[in-house]
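Okay, here's what each chain looks like letter by letter:
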Amino acid sequence: MLKNVTSLEVEIFSKCNRKCSWCPNSVVDRFSENNYMSEETYLKFLYDIKKEIDDEDHFKISWSRYNEPFLDIDLLKKRVKQARDIFPNVILECNTNGDVLRKIGKEAFDGLLLDIVMIMDYDCKGVGHGEELFKKCGVKKLTDIDRKDCEIPLGYKKDHILLGTSKNIKLVKYVANWPETQDIQYRGGVLFDYDQKKNKELVSNYGNKGKKLSWHKGPKDYSTRGMMNTTNLNPRRKEPCNDPTTGIFVDHNGSVTPCCNIRSDVDMHKDFILGNINKDSIDNIFNSEKATKFRKTLKDGDWKNYPLPCKYCMSPLSKPFANKSKIKLIKKLRQKGLEE
């Protein structure tokens, strides 16, 4: 059994059309070619997951890792439909940079059976652009009354965030001015200078171009969301981590990694690949000695012996998806039918 697992993150192909300076894709080539996960591998994997999870009503699947899922919109629709057929009740979500939406608009959402899409405004086009994009894509902006009626958490109510809903997609979240409003994440150490024991100096290469990007500076021994705290780095991780316990993360090549920040195409991460679904079942991989030992090290808070990709990461204790307000919100939006 995949005990305690509440979320799955999977890539169906490798390509991204951008090389954002704050992303590991700035130093790993995901731009030149596109490598696909086979349909056979994908479906076998989903059916294996189906057999092993306890509660589909408190489970989510995300097609968001280090590719741009909307680049092959027909395949994304097909893979999401296949997942929906296998898991009628799970929450399905995806992130996008919005480039394809800007080109084809409503066509991208037609027949796309996702519950949640998050659009990240990497070009700092602003909230006004988000409102125009909603109209182009057939998304109804949620009013304050809608928000109250659906009990939308206060954390969603920020000036740079728009929320909407459409016929297929129950929650569309647009995050405006991303390089200005978000802090840079640690990403398994890819963006950290280990020789100098400090963050790399990064500037935005898209919106707010040429401006220095900000790293999160939290209290002396703690920061949030897996971001860098520049105040105290030796050592800095002093909290246990449950991410490898509650989530399963799969790259386009079938490699299974312990968390969203560790990936199979980064050299410093290769020793932490737990297995490959092309060669073994997810049950065997997740419950292997290697994976079990990794989870135990992180859950015990043995921060002195944390592996290098985790040693300076301060991702918070992850909560099972069942405890998040998102699942309650999506269920309400499914019931309300607020779309135009």
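Provided above is the structure to which this section pertains.
The notes below deal with the structure included here.

So, how was this worked out
Residues numbered from 1 in each chain as written. Predicted model: local features only at pLDDT ≥ 70, side-chain atom pairs only at ≥ 80, totals over all residues. Heavy atoms only, no water. Helix = DSSP H or I, 4+ residues; strand = E, 2+ residues; numbered from the N terminus. Buried < 20%, exposed > 50% of the residue type's maximum accessible area, 1.4 Å probe, protein only. Contact = heavy atoms within 4.5 Å. Areas by Shrake-Rupley, 256 points an atom, 1.4 Å probe, with all protein chains shown as cover. Pairing = 2+ DSSP bridges. Salt bridge = Lys/Arg side-chain N within 4 Å of Asp/Glu carboxyl O. Polar contact = N/O pair within 3.5 Å; in protein donor to acceptor, adjacent residues only side chain to side chain. Axes fitted to C-alpha atoms, helices over the stretch in contact; angles between N-to-C directions. Parallel < 35°, antiparallel > 145°, perpendicular 65-115°, else oblique. Left-handed = near helix turned anticlockwise from the far one by under 90°. Nonpolar A, V, L, I, M, F, W, Y, C, P; charged D, E, K, R; others polar. Right-handed = clockwise from strand over helix to strand, strands pointing away. Expected span 1.5 Å × (residues − 1).

## Here we look at the overall build of the chain
Next, step 1: Helix and strand counts for the chain come out as twelve helices and twelve strands.
Next, step 2: Within the chain, the proportion of its 340 residues that are buried is 57%.
Next, step 3: When contacts within the chain are restricted to residue pairs at least 6 apart in sequence, those whose partners lie at least 24 apart make up 70%.
Next, step 4: As displayed, the chain offers around 15,400 Å² of accessible surface, 48% of which is attributable to carbon and sulfur atoms.

## Topic: the pairing of strand 10 (residues 247-250)
Next, step 1: Side chains Gly247 and Phe249 project from strand 10 onto one buried face, and the interleaved Ile248 and Val250 project onto a second face that is buried too.
Next, step 2: Where strand 1 (residues 7-10) lies against strand 10, four bridges are found, and the strand directions are parallel. By the bridge assignment for strand 10, Leu8 is matched with Ile248.
Next, step 3: Of the strand pairs in this sheet, strand 10 and strand 11 (residues 255-257) are connected by two bridges, and their pairing is antiparallel.

## Some words on the pattern of salt bridges
Next, step 1: The tally for this structure, following the rule as stated, stands at 20 salt bridges.
Next, step 2: With a shortest N-O distance of 3.0 Å, Lys44 and Asp48 are connected by a salt bridge. Taken together, the residues Lys44 and Asp48, both in helix 1 (residues 39-52) and four residues apart, mark about one turn of the helix.
Next, step 3: Overall, Lys44 belongs to the partly exposed group, its relative accessible area being 44%.
Next, step 4: Judged by its relative accessible area of 11%, Asp48 falls in the buried class.
Next, step 5: Salt-bridge contacts for Glu93 lead to Lys60; the nearest nitrogen and oxygen are separated by 3.0 Å. Placement of the pair is Glu93 in strand 3 (residues 91-96) and Lys60 in strand 2 (residues 60-62), with a sequence separation of 33 residues.
Next, step 6: In this structure Lys60 comes out as buried when scored by relative accessible area, which is 13%.

## A look at the environment of Ser264
Next, step 1: Structurally, the position occupied by Ser264 is in the loop between strand 11 and strand 12 (275-276).
Next, step 2: According to the relative accessible area criterion, Ser264 is buried, its value standing at 5%.
Next, step 3: Residues Ser264 and His252, twelve residues apart in the sequence, show an inter-C-alpha distance of 9.4 Å.
Next, step 4: If near-sequence neighbours (up to four positions away) are discounted, Ser264 is found in contact with Asp251, Asn253, Ser255, Thr257, Lys270 and Ile273.
Next, step 5: Within polar-contact distance, the side chain of Ser264 engages the side chain of Asp251 at 2.6 Å.

## Re the packing of helix 1 against helix 2 (residues 73-86)
Next, step 1: The interhelical angle for the contact between helix 1 and helix 2, taken along N-to-C directions, is 25 degrees, at an axis separation of 10 Å. Put simply, helix 1 runs roughly parallel to helix 2. As helix 1 runs across helix 2, the sense of the crossing is right-handed. Residues Glu39, Tyr42, Leu43, Leu46, Tyr47 and Lys50 of helix 1 form the contact with helix 2, whose participating residues are Lys78, Arg79, Val80, Gln82, Ala83 and Ile86.
Next, step 2: Here the residues of the contact of helix 1 with helix 2 are counted per class, giving seven nonpolar, one polar and four charged.

## Examining the pairing of strand 3
Next, step 1: In terms of residue burial, strand 3 counts as a mostly covered element, since five of its six residues are buried.
Next, step 2: Of the strand pairs in this sheet, strand 2 and strand 3 are connected by three bridges, and their pairing is parallel. Across the sheet, residue Ile61 finds its bridge partner in strand 3, namely Leu92.
Next, step 3: Considered for its hand, the β-α-β crossover made up of strand 2, helix 2 and strand 3 is right-handed.

## Digging into helix 2
Next, step 1: Compared with an ideal rise of 1.5 Å per residue, which puts 14 residues at 20 Å, helix 2 spans 20 Å between its outermost C-alpha atoms and is within 8% of the ideal.
Next, step 2: In terms of burial, helix 2 is a largely internal element, ten of the 14 residues being buried.
Next, step 3: Buried residues of helix 2: Ile73, Leu75, Leu76, Lys77, Arg79, Val80, Gln82, Ala83, Arg84 and Ile86, and no others.

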